[in-house]
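Notes for the structure review
Each chain, written out:
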Amino acid sequence: MLNLALSIAFVMVAIAILLSFIRLIIGPSVPDRILALDTLYINTIALLILLGINLQSALYFEAALLIAVMGFMGTLALSKYLLRGDIME
Amino acid sequence: MMFRRIFPHPLLTLILWAIWLLLNNSIDPGHIVLGGALAVFIPWLTSSYWPEQINIRRPWKLVHYILYVLWDILIANVIVAKLILGPQKKLNPGFLHYELQLTSPVGISLLANTISLTPGTVSCDLTEDRRYLLIHALHIDDVAEIKAEIYRKFEKPLLEIFVVC
Amino acid sequence: MLEWTLAILILLGAFFTLVGSIGLFKLPDFYMRLHGPTKASTLGVGAILVASAIHFSLKTDGVSLHEILVTLFLFITAPVSAHLMAKAAIHIKVKQVDRTRQLEK
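Residues numbered from 1 in each chain as written. Chains lettered and ligands numbered in written order. Predicted model: local features only at pLDDT ≥ 70, side-chain atom pairs only at ≥ 80, totals over all residues. Heavy atoms only, no water.

1. Structural notes on the overall build of chain C
Note the following rule: Numbered from the N terminus, helices here are DSSP runs of H or I no shorter than four residues, and strands are runs of E no shorter than two. We take the radius of gyration over the C-alpha atoms and set the globule estimate at 2.2 Å times the residue count to the 0.38 power. Whether a residue is buried, partly exposed or exposed follows from its accessible area with a 1.4 Å probe, protein chains only, as a fraction of its type maximum: under 20%, in between, or over 50%, in that order. Every residue pair with non-hydrogen atoms within 4.5 Å of one another is taken to be in contact. Reported accessibility uses the Shrake-Rupley method at a 1.4 Å probe radius. Residues are deemed covered only where the shown protein chains occlude them.
Counting its regular elements, chain C contains 4 helices and 1 strand. Listing the helices and strands of chain C from first to last along the sequence gives α-α-α-α-β. The globule rule puts the C-alpha radius of gyration for 105 residues at 13 Å, and the 18 Å found for chain C is more than 25% above it. By its C-alpha atoms, chain C is 55 × 25 × 20 Å across when sized along the principal axes. Looking at chain C residue by residue over its 105 residues, the buried ones come to 60%. Across chain C, the fraction of contacts at a sequence separation of at least 24, relative to all contacts at a separation of at least 6, is 70%. Only carbon and sulfur atoms are counted for the fraction: they give 69% of the accessible area of chain C, which is about 4300 Å².

2. Things to note about the sheet that holds strand β1 (residues 94–99) of chain B
Which entries qualify depends on this criterion: Paired strands, as defined in this entry, are two strands with at least two bridges between them according to DSSP. Only the stretch in contact is used when a helix axis is fitted, and all axes are lines through C-alpha atoms; the angle between N-to-C directions ranges over 0 to 180 degrees.
Strand order in the open sheet made by the 4 strands is β2(B)-β3(B)-β1(B)-β1(C), with mixed pairing throughout. Here the strands that pair on one side only, and so sit at the sheet edges, are β2 (121–126) of chain B together with β1 (101–102) of chain C. Of the pairings in the sheet, the one linking β1(B) to strand β3 (residues 132–137) of chain B comprises 6 bridges and is antiparallel in character. When the sheet's bridge partners are listed, G94(B) is paired in β3(B) with A137(B). Sheet contacts for helix α5 (residues 105–117) of chain B: β1, β2 and β3 of chain B; angle to β2(B), the most-contacted strand, approximately 145°.

3. Considerations on the pairing of β1(B)
With 5 of 6 residues buried, β1(B) is to be regarded as a mostly interior element. Bridge count for β1(B) against β1(C) is 2 bridges, and the pairing is parallel. Paired with G94(B) across the bridge in β1(C) is R101(C).

4. Digging into the packing of aromatic side chains
Worth spelling out the cut-off: Only the six-membered ring of Trp is used, alongside the rings of Phe and Tyr, when aromatic pairs are assigned; centres must lie within 6.5 Å, and planes under 30 degrees apart are stacked while those over 60 apart are edge-to-face, with the rest tilted.
Counting across every chain of the model gives 5 aromatic pairs over all chains. Taking the centre distance of 6.0 Å and the plane angle of 85° together, the rings of F72(A) and F73(C) count as edge-to-face. With F72(A) in helix α3 (residues 59–84) and F73(C) in helix α4 (residues 66–91), this pair bridges two chains. Take F72(A): its relative accessible area is 11%, and that puts it in the buried class. Ring geometry for F30(C) against Y31(C): centres 5.6 Å apart, planes inclined by 75°, an arrangement best described as edge-to-face. Residue F30(C) shares its accessibility class with Y31(C), and that shared class is buried. Among the aromatic residues, those joined into a ring-pair cluster are F95(B), F30(C) and Y31(C).

5. Concerning the UniProt feature "transmembrane region" (unreviewed entry) in chain C
Residue and element names in this part refer to chain C. Operational definition: UniProt positions are given in the numbering used here, feature names are shortened, and annotations may be inferred rather than shown by experiment.
According to UniProt, the positions carrying the feature "transmembrane region" (unreviewed entry) are residues 6–28, 40–58 and 64–86. Annotated as 100% helix and 0% strand, the span residues 40–58 places its first and last C-alpha atoms 27 Å apart. Taken end to end, residues 64–86 has its terminal C-alpha atoms 36 Å apart, with 91% of it in helix and 0% in strand.

Set out below in structure tokens:
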């Protein structure tokens, strides 16, 4: 039961990643691409956690935590750059 | 006075301690002591960057508010999912200005975060004088209704929690 | 019984993550696209993380609560990054769909 649910969830999250990737490529504006990257990292967290449950290993969690922190920083830095033309003030 | 000098931000100390224990996923005595030491040391080291005290008048009310918002997020997501999966020709997006009654900065940021997480609205900007919040709504039927709902559900409880410093 | 709960949580989470990305893909302008990922994806990942917490709490002795940390972090950061992206988009005047209404104060 759990394995079936996991397989379906893997497919759904993979489609989600594909869709955000298409948006990342077609744009059309810069904020669109930032938003697509933001979504991409959130989807990656979901994929990693699912993999952790599937492989019965808590190790993947650490990677997910790092991606969450770094992804947030990346989004902030990119948006700040658009706003001010500069990251550090 | 002595207490304030050792614990400049008691709430921050407690939160840091809890985060340390959660990160290590254990409640060994060693981790409790080490986390406690860090939780005292870090707020003391960074206290010059946190000039103002955060005044929370009713802590239990805040907990109640957070639980209420979590429940609202669940319902909001079903609504947004319906809007996204439905035909997009029917959607009437728009920008609206919401007049704030909150004055405390923490209160305003909490309200803006809540608005972003709940049905069909994202807070986009705050005017310079901190009086209006620019909100983008995915679908507007009736502007007055959206504003009234934000006030009734979120701003009123926040007004009771955060006092003006 | 518990396996059912886990399966439902995982499927719900994956569903909401997918809805968020569908929103990102098909809605017509940037401001509308912003709604999908900030809300749906956050809740979807949250549901998957709760499922993971339950799963590892059962599998090993003792509770595994550090998944809560990522969930909390996502719930705090998602609106902040949405706000900044919207601000940046307004700043560089990203195009809006024609029927967007501008409501004055």
